[in-house]
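# What the coordinates show
The residues making up each chain are set out below.
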Amino acid sequence: QVQLVESGGGLVQAGGSLRLSCAASGRTFSSYAMGWFRQAPGKEREFVAGITWTGGTTYYADSVKGRFTISRSNAKNTVYLQMNSLKPEDTAVYYCAAERTTRVGVVNLGPTAYDYWGQGTQVTVSS
């Protein structure tokens, strides 16, 4: 079992930055690939970024590539999402998710591949 708690969301002006954190409980965090997803009102949950359990492979949605950076600290049981140059269309609830896998080199984009989810943190970008 893994419990995930996101933090770092808030209100920011367009062009600003936020850093989301996702703290995981449990001793096996390093056995999980991690992903960030987001869901805006009236829209489906969409993949934002993912990272393998080693941290050696990352993958980003085209909409955030070059602006967002995912990273992890297995020593701290935490995954991060640094969000720069934020746009109003980035407004959503952001969720972190964990997939129990030790596969390397591949990041799953589909939400159904992930085993555990956090409660989400609201990010609002004003124009």
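So, how was this worked out
Counting restarts for each chain: residues are numbered from 1 in the order of the written sequence. Side-chain atom pairs in this predicted model are given and counted only at pLDDT of 80 or more, local residue features only at pLDDT of at least 70, and totals for whole chains, interfaces and linings cover all residues. For side-chain calculations, the full set of non-hydrogen atoms in the structure is used, while hydrogens and water are omitted. Under the DSSP-based scheme used, a helix requires at least four consecutive residues in state H or I and a strand at least two consecutive residues in state E, with every element numbered from the N terminus. The atom set for the radius of gyration is the C-alpha atoms, and the globule formula is 2.2 Å times the number of residues raised to the power 0.38. Any two residues whose heavy atoms approach within 4.5 Å at even a single point are treated as in contact. Note on areas: Shrake-Rupley, 1.4 Å probe, and residue coverage restricted to the protein chains presented here. Partly exposed residues are those whose accessible area sits between 20% and 50% of the maximum for their type, while under 20% is buried and over 50% is exposed, using a 1.4 Å probe and protein chains only. Should DSSP find at least two bridges between two strands, the strands are taken to pair. Here a Phe, Tyr or Trp ring, Trp counted by its six-membered ring, pairs with any other such ring whose centre lies within 6.5 Å, and the pair is stacked when the planes are under 30 degrees apart, edge-to-face when over 60, and tilted otherwise. Only when the NZ of Lys or the CZ of Arg is both within 6 Å of the ring centre and within 35 degrees of the ring normal is a charge said to sit over the ring. Two N or O atoms count as a polar contact when they lie within 3.5 Å, although within protein this holds only if one can serve as hydrogen donor and the other as acceptor, and sequence-adjacent residues are included solely when both atoms are side-chain atoms.

Let us now look at the overall build of the chain. On a plain count of helices and strands, the chain comes out with zero helices and eleven strands. Counting from the amino terminus, the chain carries its helices and strands in the arrangement β-β-β-β-β-β-β-β-β-β-β. Here the C-alpha radius of gyration of the chain, 13 Å, is about what a compact globule of 127 residues would show, namely 14 Å. Viewed in the frame of its principal axes, the chain has a C-alpha envelope of about 40 × 25 × 25 Å. In the chain, the proportion of contacts linking residues at least 24 apart, taken out of those at least 6 apart, comes to 60%. Carbon and sulfur atoms form 47% of the exposed surface of the chain, whose accessible area is close to 6400 Å².

Counting buried positions along strand 3 (residues 18-24) yields five of seven residues, so the element is predominantly enclosed. When strand 1 (residues 4-7) meets strand 3, the two strands line up antiparallel, connected through four bridges. Residue pairing for strand 3: Val5 is matched across the bridge by Ala23. Pairing analysis gives six bridges linking strand 3 to strand 8 (residues 78-83), with the strands arranged antiparallel. Counterpart to Leu20 in the pairing with strand 8 is Leu81.

Here the focus is the packing of aromatic side chains. A complete count under the given rule lists seven aromatic pairs for this structure. Pairing Phe37 with Tyr114 gives two aromatic rings, centres 5.2 Å apart and planes at 80°, and the pair type is edge-to-face. On the criterion of sequence distance, the pair formed by Phe37 in strand 4 (residues 32-39) and Tyr114 in the loop between strand 9 (92-100) and strand 10 (116-117) is long-range, its members being 77 residues apart. When sorted by exposure, Phe37 lands in the same class as Tyr114, which is buried. An aromatic cluster is present here, built from Phe37, Phe47, Tyr59, Tyr95, Tyr114 and Trp117 joined pairwise through their rings. Lying over the aromatic face of Tyr95, Arg45 brings its terminal NZ or CZ to 3.8 Å of the ring centre. One Lys or Arg, Arg45, reaches over the ring of Trp117 and ends 4.8 Å from the middle of that ring.

Before going further, it helps to spend a moment on the environment of Tyr32. Inspection of the secondary structure assignment puts Tyr32 in strand 4. For Tyr32, the side chain forms a polar contact with the side chain of Arg100, separated by 3.3 Å.

Remember, this is a structural readout, not a statement about activity or role.
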